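Structure assessment
This is what each chain is made of:
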Amino acid sequence: MIRTAFFDAAGTLFDSREPIGRTYARIARQFGVDATEEAIAARFRQVFHSAEGLAFGPGPADEIRRLERAHLCLNL
């Protein structure tokens, strides 16, 4: 039985409708967290760039990671 499915929003299956910092800031406000879009986007970039490698190892994944980071930096 499938219990969980993960989807990649970085242009694989779909794209976000708005910058991710704006999305997270809007949702955070609903839970009483007052954070600016800019602060969230900056922290997201910092965490994304310090994350460990992809789970499926070296090779083509390295290029995917580079492209994801390039896309992220352009869209935040």
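Summary of the structure given here. As the structure is a prediction and not an experimental result, all values here were calculated from the model.

What follows concerns the overall build of the protein chain. Counting its secondary structure elements, the protein chain contains three helices and zero strands. For the protein chain, the succession of helices and strands along the chain, N to C, is α-α-α. Burial statistics for the protein chain: of 76 residues in total, 16% are counted as buried. Put simply, of all contacts in the protein chain between residues at least 6 apart along the chain, 32% involve residues at least 24 apart. Carbon and sulfur atoms make up 59% of the accessible area of the protein chain, which totals about 6,300 Å².

Moving on to the packing of aromatic side chains. This model, assessed by the stated rule, comprises one aromatic pair. Both rings, one in Y24 and one in F44, keep their centres 5.7 Å apart while their planes meet at 65°; by these two values the pair is edge-to-face. Pair noted here: Y24 is in helix α1 (residues 20–30) and F44 is in helix α2 (residues 37–50), with a separation of 20 residues, a long-range link.

Here we come to the packing of α1 against α2. As a packed pair, α1 and α2 sit with axes 8 Å apart at the nearest point and diverge in direction by 120°. Between α1 and α2, the angle is such that the two are oblique. As for how α1 packs across α2, the hand of that crossing is right-handed. In this structure, α1 uses I20, G21, R22, Y24 and A25 to contact α2, whose residues at the interface are E37, I40, A41 and F44. Residue composition of the contact of α1 with α2, by class: six nonpolar, one polar and two charged.

A few words now on the pattern of salt bridges. Enumeration according to the criterion identifies two salt bridges in this entry. Between E18 and R26 there is a salt bridge, with its nearest N and O atoms 2.5 Å apart. When its relative accessible area of 36% is taken as the criterion, R26 is described as partly exposed. Measuring nitrogen to oxygen at the nearest pair gives 3.2 Å for the salt bridge that ties R22 to E37. Residue R22 is located in helix α1, and its partner E37 is located in helix α2; the two are separated by 15 residues in the primary sequence. When its relative accessible area of 38% is taken as the criterion, R22 is described as partly exposed.

About the thresholds
- Residues numbered from 1 in each chain as written.
- Predicted model: local features only at pLDDT ≥ 70, side-chain atom pairs only at ≥ 80, totals over all residues.
- Heavy atoms only, no water.
- Helix = DSSP H or I, 4+ residues; strand = E, 2+ residues; numbered from the N terminus.
- Buried < 20%, exposed > 50% of the residue type's maximum accessible area, 1.4 Å probe, protein only.
- Contact = heavy atoms within 4.5 Å.
- Areas by Shrake-Rupley, 256 points an atom, 1.4 Å probe, with all protein chains shown as cover.
- Phe/Tyr/Trp six-rings, centres within 6.5 Å; stacked < 30°, edge-to-face > 60°.
- Axes fitted to C-alpha atoms, helices over the stretch in contact; angles between N-to-C directions.
- Parallel < 35°, antiparallel > 145°, perpendicular 65-115°, else oblique.
- Left-handed = near helix turned anticlockwise from the far one by under 90°.
- Nonpolar A, V, L, I, M, F, W, Y, C, P; charged D, E, K, R; others polar.
- Salt bridge = Lys/Arg side-chain N within 4 Å of Asp/Glu carboxyl O.

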